[in-house]
Amino acid sequence: MAIRKVRELGDEVLRKRCKEVPKMTIRNKILINDMLDTMYEEGGVGLAAPQVGILKQIVVIDIGDGPIVLINPKIVEESGEQTGDEGCLSVPGKAGTVTRPYYVKVRAQNEDMEEIEIEGEELLARAICHEVDHLEGRMYVELVEGELHDVEYGEEE
């Protein structure tokens, strides 16, 4: 397991669409473990593979309830609305106000490539939407209402 370099806003890899993961390989397992290590080391609640320079549909999230691994995630349901501060490890030291769904349901595969469905509200819904956007080459800065503002380390999502 290793800490990987987080790509920052301006890096072209963050604007590219990711490819589906057809099967679990040793390299993908290593990537997932490295992504979790990197997310924890950087103090984030989510990390998508393109943020470490890999164009694969893999996301890791931990809002404090333990790690969630989503492979090939697709949001299949969303409802409600929440507006709040959002940050990103790829935009260090900044945050901005973003409106996201209050509730989402996502279908994906887990690390064993088994089909799973996860439902989330509030922070988990926000994190799922944020990370799935990364897989499509979208970043939260495109959704910010108003201006980005400075944040202290550890406040970013």
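Residues numbered from 1 in each chain as written. Predicted model: local features only at pLDDT ≥ 70, side-chain atom pairs only at ≥ 80, totals over all residues. Heavy atoms only, no water.

Thoughts on the sheet that holds strand β7 (residues 115-121)
- The five strands lie next to each other as β1-β2-β3-β6-β7, forming an open sheet whose pairing is antiparallel. Pairing within the sheet leaves two strands with one partner each, and these edge strands are β1 (46-48) and β7. Between one strand and the next, the sheet's axes are offset by a mean angle of 35°, whatever the strand orientation.
- Judged from the four bridges that link them, strand β2 (residues 58-61) and strand β3 (residues 68-79) form a sheet pairing that is antiparallel. Its bridge partner lying in β3, Ile61 is registered against Ile68.
- Taken strand by strand, helix α1 (residues 26-42) contacts β1, β2 and β3, and its axis lies near 35° from that of β2. (Pairing = 2+ DSSP bridges. Helix = DSSP H or I, 4+ residues; strand = E, 2+ residues; numbered from the N terminus. Axes fitted to C-alpha atoms, helices over the stretch in contact; angles between N-to-C directions. Contact = heavy atoms within 4.5 Å.)

A short note on the environment of Lys56
- You can see Lys56 is positioned in the loop between β1 and β2.
- Spatially, the C-alpha atom of Lys56 lies 9.1 Å from that of Asn28, the residues being 28 residues apart in sequence.
- When near neighbours in sequence (up to four residues on either side) are disregarded, Lys56 contacts Cys18, Lys19, Val21, Asn28, Leu31, Ala49, Pro50 and Leu135.
- A polar contact of 2.5 Å, which involves the side chain of Lys56, links it to the side chain of Asn28. (Polar contact = N/O pair within 3.5 Å; in protein donor to acceptor, adjacent residues only side chain to side chain.)

Description of the sheet that holds strand β5 (residues 94-100)
- In space, the three strands of this open sheet follow the order β4-β5-β8, with antiparallel pairing throughout. At either end of the open sheet lies a strand with only one pairing partner, and these are β4 (82-87) and β8 (145-150). Between one strand axis and the next, the sheet turns by 30° as a mean value, whatever way the strands run.
- Running over the sheet, helix α2 (residues 122-135) touches β4 and β5 and is turned about 60° from β4.

What to know about the nonpolar core
- Of all hydrophobic cores here, the largest spans 17 residues; its most connected members are Val59, Ile61, Ile68, Leu70, Ile118, Leu124 and Ile128.
- Elements supplying a minimum of two residues to this core: β2, β3, β6 (103-109) and α2.
- Top element by residues in this core is α2. It accounts for seven residues.
- By size, the runner-up hydrophobic cluster in this structure holds 16 residues, among which are Met24, Ile32, Val52 and Val69. (Core = buried A, V, L, I, M, F, W, Y, C linked by side-chain atoms within 4.5 Å. Buried < 20%, exposed > 50% of the residue type's maximum accessible area, 1.4 Å probe, protein only.)

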